[in-house]
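Secondary and tertiary structure notes
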Amino acid sequence: MNICIKYFGLIAEVTHCEEETILFSESTVSELLDVLHSKYSALKNRDFQVAQNQELVSLETKITGKEIALLPPFAGG
């Protein structure tokens, strides 16, 4: 399945792109992150949250949507 991955803030600086589409055949967020860590090794040293279809998800969440976002830590004001 093709998945659109959006990168924000410092995460976009690490990947040098704000968005990309990848072919992903696994099933969980954790497995997707393994793929992204192998592509962008500097991601391993960054803190971020993962959202699927605009909702925060855990590492065990099954990939069911077409849009994943990697969100850096943010502060409220």
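Above this text is the structure in question.
What comes next is a walk through the structure. Since the model is a prediction, treat every value here as computed from it, not as a measurement.

1. Some points on the packing of aromatic side chains
Inspection of the entire model under this criterion finds 1 aromatic pair. On the basis of an interplanar angle of 75° and a centroid distance of 6.0 Å, the ring pair of Tyr7 and Tyr40 is categorised as edge-to-face. Taken together, the positions of Tyr7 in strand S1 (residues 2-7) and Tyr40 in the loop between helix H2 (29-39) and strand S3 (49-52) put the pair 33 residues apart, joining distant regions of the chain. Each member of the pair, Tyr7 as well as Tyr40, carries the same accessibility label: buried.

2. Remarks on unusual backbone geometry
Its identity as a non-glycine residue notwithstanding, His16 has a phi of 60°, on the positive side. For Gln54, which is not glycine, the phi torsion reads 70° and is therefore positive. With respect to the secondary-structure elements, Gln54 resides in the loop between S3 and strand S4 (55-57).

3. Remarks on the pattern of salt bridges
One pass over the full model with this rule turns up 2 salt bridges. Among the ionic pairs, Lys6 bridges to Glu67, the shortest N-O distance being 3.3 Å. Here Glu67 lies in strand S5 (residues 67-71) and Lys6 lies in strand S1, a separation of 61 residues in the sequence. Since its relative accessible area comes to 23%, Lys6 is described here as partly exposed. Relative accessible area serves as the criterion here: at 22%, Glu67 is assigned to the partly exposed category. Put simply, Glu20 and Lys39 hold a salt bridge, and the shortest N to O gap is 2.6 Å. With Glu20 in strand S2 (residues 19-23) and Lys39 in helix H2, this pair connects stretches of sequence that are 19 residues apart. Classification of Glu20 as buried rests on a relative accessible area of 13%. Overall, the relative accessible area of 46% leaves Lys39 in the partly exposed class.

4. Observations regarding the environment of Ala12
Positionally, Ala12 belongs in helix H1 (residues 10-15). Note: C-alpha distance between Ala12 and Val35 (23 residues apart in sequence) is 16 Å. Among all residues touching Ala12, those that are not within four sequence positions of it are Tyr7, Cys17 and Glu18.

5. Describing the sheet that holds S5
The strands making up a sheet are joined through hydrogen bonds of the backbone, oriented either antiparallel or parallel. Read from one edge of the open sheet, 5 strands run S2-S1-S5-S3-S4, paired in mixed fashion. The open sheet has two free edges, formed respectively by S2 and S4, since each of these has just one partner strand. Sheet twist, expressed as the mean angle between neighbouring strand axes with direction ignored, is 30°. Note: S1 against S2, 5 bridges, orientation antiparallel. Bridged to Asn2 within S2 is Leu23.

About the cut-offs
Residues numbered from 1 in each chain as written. Predicted model: local features only at pLDDT ≥ 70, side-chain atom pairs only at ≥ 80, totals over all residues. Heavy atoms only, no water. Phe/Tyr/Trp six-rings, centres within 6.5 Å; stacked < 30°, edge-to-face > 60°. Helix = DSSP H or I, 4+ residues; strand = E, 2+ residues; numbered from the N terminus. Buried < 20%, exposed > 50% of the residue type's maximum accessible area, 1.4 Å probe, protein only. Salt bridge = Lys/Arg side-chain N within 4 Å of Asp/Glu carboxyl O. Contact = heavy atoms within 4.5 Å. Pairing = 2+ DSSP bridges. Axes fitted to C-alpha atoms, helices over the stretch in contact; angles between N-to-C directions.

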